[in-house]
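Descriptive structure summary
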Amino acid sequence: MYDFMFHVPTKIYFGRGQISHLAELSDFGQKALLVYGGGSIKRNGIYDEAIRILTHAGIEVVELSGVEPNPRIETVRRGVGLCAREGVDMVLAIGGGSTIDCAKVVAAGARYDGDPWDLVLDGSKAASALPIFSVLTLSATGSEMDAFAVISDMSKNEKWGTGAECMKPTMSVLDPSYTFSVSPKQTAAGTADMMSHTFESYFSMDEGAYVQKRLAEGLLGTMIHFGPIALAHPDDYDARANLMWAASHAINGLVSDGCSPAWCVHPMEHELSAFYDITHGEGLAILTPAWMEHVLDAQTAPLFAAYGCNVWGLSGVDDMKVAREAISRTRAFFVEAMHLPATLREVGITDEKNFEVMARKAADGCKGSFVALSQDDIVEIYRAAL
Ligand code: NZQ
Ligand code: ZN
């Protein structure tokens, strides 16, 4: 196990009605930038509830609305401008990962003397940020409890992840009932995303990180058990609650610290979203089985076999056979149980014309992964997923 520093400063209020804790924001100032997306929080009543609590606590609200799925740098710049003009004390995101990510870079941008795109390209430039709060409405990214944000500049087909200690939220409200209204498509994509976060840490060559691997298997088992239940019964509280808490732990350092190699499926997916603006979790569900098949060999088979035994309940003495079955179960889970797309064609990517350039951009991020991937490997994986 490698040395590491584990630090999650985010106070979590988990459960029904926990939004009342937004009153605590008054400890941090009197003016908040409320960041939200395309309006789901107005349709499901969370907006009204938040405004009522904030007003009662004496907090003035300035709004940044319309944050896009795959949030754009233009929206971040709009938010930074609002913070400066309005003298905002803190940033409150209500929504999914896109909204929270946008809020994080706005909060850091408000304390940065330059264009916030600099912070996307280089997280080390984010030295401080306004206090960040979130009310999570979609279980997927773990942004509510991590240091990361992913922002796009579609004019350049660029989507990059950044991260900084100062971008960890101060407090997040996790009310599983807020996710009852999440669509089947986003529920499935969110489940694929949290599974991919877990895979990215789990599939690493360091054998010493035993406890991280067992924790990861527990999270994966939870996601595989409750994903289909949440699809079939969107208002099943326990299904939504278990998915929500599992998603937070998939990326807050619990399963990655001490064993984390560079991720690789995420850099490959970010290029798909940067060029084709597809839903992140759908891209991951398409690429993951193709990546698993590409990296399966005699050296990696034992870990894939362990995954098969400990997550899928498989057994057998032939690692390669068990590994193949585990990969096939993973694909079937995404496609048959969660109704996610199986191929790039199904999300509108019908030819190879951008594969070389996408692979070149992704390759840097994939060098130190479980199995280091070259540009050619990545093109092959895209082709296999087509
Ligand atoms: O915009 P609104 O109207 O709110 O609708 C959203 C959006 O259309 C809707 N939605 C959210 N909560 C809802 C709801 N609809 C009904 N009821 C609710 N309770 O869902 C749609 C998708 O929302 P979005 O925030 O885009 O989804 P998600 O949470 O999956 O976030 C995806 C973004 O996060 C990045 C991805 O790259 C992508 O840009 N990631 C962030 C990470 C992080 N911060 O650590 C890591 C991830 O790997 C990921 O890359
Ligand atoms: Zn992700």
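Residues numbered from 1 in each chain as written. Chains lettered and ligands numbered in written order. Predicted model: local features only at pLDDT ≥ 70, side-chain atom pairs only at ≥ 80, totals over all residues. Heavy atoms only, no water.

Per an unreviewed UniProt entry, the protein goes by Iron-containing alcohol dehydrogenase and derives from Olsenella uli.

**Some details on helix H8 (residues 237-249)**
The line we're drawing: A run of H or I in DSSP becomes a helix once it reaches four residues, and a run of E becomes a strand once it reaches two; helices and strands are each numbered from the N terminus. An expected span of 1.5 Å times one less than the residue number is assigned to each helix. For every residue, the accessible area obtained with a 1.4 Å probe (protein chains only) is divided by the maximum for its type, and the residue is called buried under 20%, exposed over 50%, and partly exposed between those limits. We call two residues contacting when some pair of their heavy atoms lies within 4.5 Å.
Look at H8: 19 Å from first C-alpha to last across 13 residues, which is about the 18 Å you get at 1.5 Å a residue. Within the sequence span of H8, burial applies to Ala239, Arg240, Ala241, Leu243, Met244, Ala246, Ala247, Ser248 and His249. Those residues of H8 that are buried are in contact with strand E1 (11-14), strand E5 (132-136), strand E8 (171-174), helix H6 (184-202) and helix H7 (210-232).

**Let's talk about the site of ligand 1**
The line we're drawing: Note on definitions. A residue lies near a molecule or strand when any single heavy atom of the residue is within 4 Å of it. Think of a polar contact as two N or O atoms within 3.5 Å of one another; within protein, one of them needs to be a possible hydrogen donor and the other a possible acceptor, and neighboring residues in sequence only count if both atoms come from side chains. Here, Shrake-Rupley sampling with a 1.4 Å probe gives the accessible areas, and only protein chains in the shown set may cover a residue. In this classification, Asp, Glu, Lys and Arg are treated as charged, Ala, Val, Leu, Ile, Met, Phe, Trp, Tyr, Cys and Pro as nonpolar, and every other residue, Gly included, as polar. Each domain span listed reflects an automatic or database assignment of domains.
Taken together, 31 residues sit near ligand 1, with Gly97, Ser98, Asp101, Asp146 and His197 positioned nearest. Between ligand 1 and glycine 97, the relevant distance is 2.7 Å, taken from an oxygen atom to a main-chain nitrogen or oxygen of the residue. Between ligand 1 and lysine 159, the relevant distance is 2.8 Å, taken from an oxygen atom to a side-chain nitrogen or oxygen of the residue. Considering ligand 1 on its own, with 960 Å² of exposed area, one finds that the protein chains cover 89% of that surface. Residue assignment for the shell around ligand 1 shows that the elements contributing at least two residues are helix H4 (97-109), strand E6 (148-153), H6 and helix H9 (265-276). In the shell around ligand 1, the residues fall into nine nonpolar, 18 polar and four charged. Both domains that furnish three or more residues to the shell around ligand 1 are identified here as domain 1 (9-176) and domain 2 (183-383).

**Digging into the coordination of the zinc ion (ligand 2)**
Applied cut-off: Metal donors: N, O and S atoms at distances within 2.8 Å, or within 3.2 Å for Na, K and Ca, with water omitted from the atom set so that some sites may seem incomplete.
Only Asp193 (OD), His197 (NE2), His266 (NE2) and His280 (NE2) from the protein coordinate the zinc ion (ligand 2), and they sit 1.9 to 2.2 Å from it. All donors of the zinc ion (ligand 2) come from a single chain, and their spacing in sequence reads D-x3-H-x68-H-x13-H. Taken together, the positions of aspartate 193 in helix H6 and histidine 280 in helix H10 (residues 280-295) put the pair 87 residues apart, joining distant regions of the chain. Judged by its relative accessible area of 3%, aspartate 193 is buried.

**Describing the sheet that holds E8**
Heads up, the rule is: One bridge is not enough; two strands pair if DSSP finds at least two bridges between them. Lines fitted to C-alpha atoms define the axes, with helix axes restricted to the stretch in contact, and inter-axis angles between N-to-C directions lie between 0 and 180 degrees.
Read across the open sheet, the six strands follow the order E1-E8-E5-E4-E2-E3; overall the sheet is parallel. Taken across any chain shown, the strands that pair with only one partner, and hence form the sheet edges, are E1 and strand E3 (60-64). Pairs of neighbouring strands in the sheet enclose a mean axial angle of 20°, with direction left out of account. Bridge count between strand E2 (residues 31-36) and E3: five bridges; the pairing is parallel.

**A few points about the packing of aromatic side chains**
As a reminder, the rule being used: What counts as a ring pair is set by centres within 6.5 Å for rings of Phe, Tyr and Trp (its six-membered ring), and what kind of pair is set by the plane angle: stacked under 30 degrees, edge-to-face over 60, tilted for all other angles.
Counted under the stated rule, the structure contains 17 aromatic pairs. Where phenylalanine 28 meets phenylalanine 133, the ring centres are 5.0 Å apart and the plane angle is 70°; that geometry is what we call edge-to-face. Of this pair, phenylalanine 28 sits in the loop between E1 and E2 while phenylalanine 133 sits in strand E5; the two residues are 105 residues apart in sequence, bridging distant segments of the chain. On the accessibility criterion, phenylalanine 28 (37% relative accessible area) is partly exposed. Using a relative accessible area of 1% as the deciding quantity, one classes phenylalanine 133 as buried.

**Focus: the pairing of E5**
Most of E5 sits inside the fold, with five of its five residues counted as buried. Burial along E5 is two-sided: Ile132, Ser134 and Leu136 and Phe133 and Val135, pointing in opposite directions, are all buried. Examined bridge by bridge, strand E4 (residues 90-95) and E5 share five bridges and lie parallel to one another. Across the sheet, alanine 93 pairs through a bridge with serine 134, a residue of E5. Taken together, the four bridges between E5 and E8 define a ladder with parallel strand orientation. Of the residues in E8, the one forming a bridge with phenylalanine 133 is methionine 171.

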